[in-house]
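# Remarks on the overall topology
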Amino acid sequence: MRITVFGATGGTGQHLVDQALEAGHHITAVVRDPARLRQADHPRLEVVKAAVEADLQHLEAITGAVKGQDAVVSALGPRGKDDITVCSDGARAIITAMRATDSRRLIVVTASGHIVDEGDGPFTRSMVKPMLRRFLRDGFADFARTDQAVKASGLDWTIMRPPRLTDGRRRAYRTATDRNVRGGITIARADLADAILTAAADPATAGHTIALGY
């Protein structure tokens, strides 16, 4: 596949690029700082220097980056406490670019923490999630705005909903479609990357959310 990755220098994005290249895919990485890419000189990796902002200069760059791709992945995430709109701003810019180029397949990473559904146990619903909402209010609001923009995009979207991310080793994980994973409180970034690639290759995941956890 030909895959464009936004947030390719982040914790999940780096694993995604590594695994995708190892699997033989052609990757376009849209990054602010190409020097942070581990495999910047890989023959199947194209690097586009741009920020996912909706001004004309950056929008032209990301439009070129998504044109003709089999899948576009947003692994964007905040880089600091004050970076509270990056996911939703990025999603809107990416969606605009994809619509302009008739690109269809979009995978976006948000989280499971801001969602309460039948996949959660009683303690999680009544105690854990309300507490998380209190302390992570701004980040969760950005995820909610991202979910809304993606679902309204008209694209063939899949939203990945991981729990707390770790730098742990890869191991077996569970997934659930359109609900949270009961008891799934952590996931390694490397396993999230694996799940993203799996979803990107599976047309049946379009129009659905995929939660995951151990």
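Relevant structure appears above.
Before going into details, it helps to say that this report is about the structure given with it. Bear in mind the structure is a predicted one, so any value in this text is a computation, not a measurement. (Residues numbered from 1 in each chain as written. Predicted model: local features only at pLDDT ≥ 70, side-chain atom pairs only at ≥ 80, totals over all residues. Heavy atoms only, no water.)

### Structural notes on unusual backbone geometry
Keep in mind that most residues, glycine aside, have a negative phi and that most peptide bonds are trans. Convention followed: Per the convention used, a helix needs a DSSP run of H or I reaching at least four residues, while a strand needs a run of E reaching at least two, with both numbered from the N terminus. The rule is simple: take the accessible area with a 1.4 Å probe, protein chains only, and divide by the maximum for that residue type; under 20% is buried, over 50% is exposed, in between is partly exposed.
Despite not being glycine, aspartate 102 has its phi angle at roughly 60°, a positive value. Checked against the element boundaries, aspartate 102 lands in the loop between α3 (86-101) and β5 (105-109). Backbone geometry at aspartate 178 places phi at a positive 60°, although glycine is not the residue there. Summarising the element assignment, aspartate 178 is placed in the loop between β8 (174-177) and β9 (186-188). Aspartate 178 gets classed as partly exposed once you look at its relative accessible area, which sits at 38%.

### Side note on the packing of helix α1 (residues 11-22) against helix α6 (residues 189-200)
How we decide: Angular values range over 0 to 180 degrees, each being the angle between N-to-C directions of two axes fitted as lines to C-alpha atoms, with helices fitted over their stretch in contact. Throughout, the term roughly parallel applies to angles under 35 degrees, roughly antiparallel to angles over 145, roughly perpendicular to angles from 65 to 115, and oblique to all others. For any pair of crossing helices, the crossing counts as left-handed if the nearer helix is rotated counterclockwise from the farther one by less than a right angle, and right-handed if it is rotated clockwise. A contact between two residues is defined here by any heavy atoms of the two lying within 4.5 Å. Under this grouping Gly is polar, as are all residues other than the nonpolar Ala, Val, Leu, Ile, Met, Phe, Trp, Tyr, Cys and Pro and the charged Asp, Glu, Lys and Arg.
With their axes 8 Å apart at the nearest point, α1 and α6 run at an angle of 55° to one another. Of the possible angle classes, the one that applies to α1 and α6 is oblique. For α1 against α6, the interelement crossing comes out right-handed. Two secondary-structure elements touch here, α1 through Gly11, Thr12, His15, Leu16, Gln19 and Ala20 and α6 through Arg189, Ala190, Leu192, Ala193, Asp194, Ile196 and Leu197. For the contact of α1 with α6, the per-class residue count stands at 7 nonpolar, 4 polar and 2 charged.

### Quick word on the packing of aromatic side chains
The description of an aromatic ring pair rests on the distance of the ring centres and on the angle between the ring planes. As a reminder, the rule being used: Ring pairs are drawn from Phe, Tyr and Trp, using the six-membered ring of Trp, whenever the two centres fall within 6.5 Å, and their geometry is named by plane angle: stacked under 30 degrees, edge-to-face over 60, tilted for the rest. To sit over a ring, a charge needs its Lys NZ or Arg CZ within 6 Å of the ring centre and within 35 degrees of the ring normal.
Scanning the model with the defined rule gives 0 aromatic pairs in all. The ring of tyrosine 214 has arginine 171 sitting right over it, with the charged end atom 3.6 Å from the ring centre.

### Quick look at the sheet that holds β8
Counted only if it meets this: Paired strands, in this sense, are two strands between which DSSP finds at least two bridges.
Spatially, β3-β2-β1-β4-β5-β6-β10-β8 is the arrangement adopted by the 8 strands of the open sheet, whose pairing is mixed. Edge positions in the sheet fall to β3 (45-49) and β8, since each of these pairs with one other strand and no more. Between one strand and the next, the sheet's axes are offset by a mean angle of 20°, whatever the strand orientation. Pairing analysis gives 3 bridges linking strand β4 (residues 71-74) to β5, with the strands arranged parallel. Residue serine 74 lies in a different strand from β5, and its bridge partner there is valine 108.

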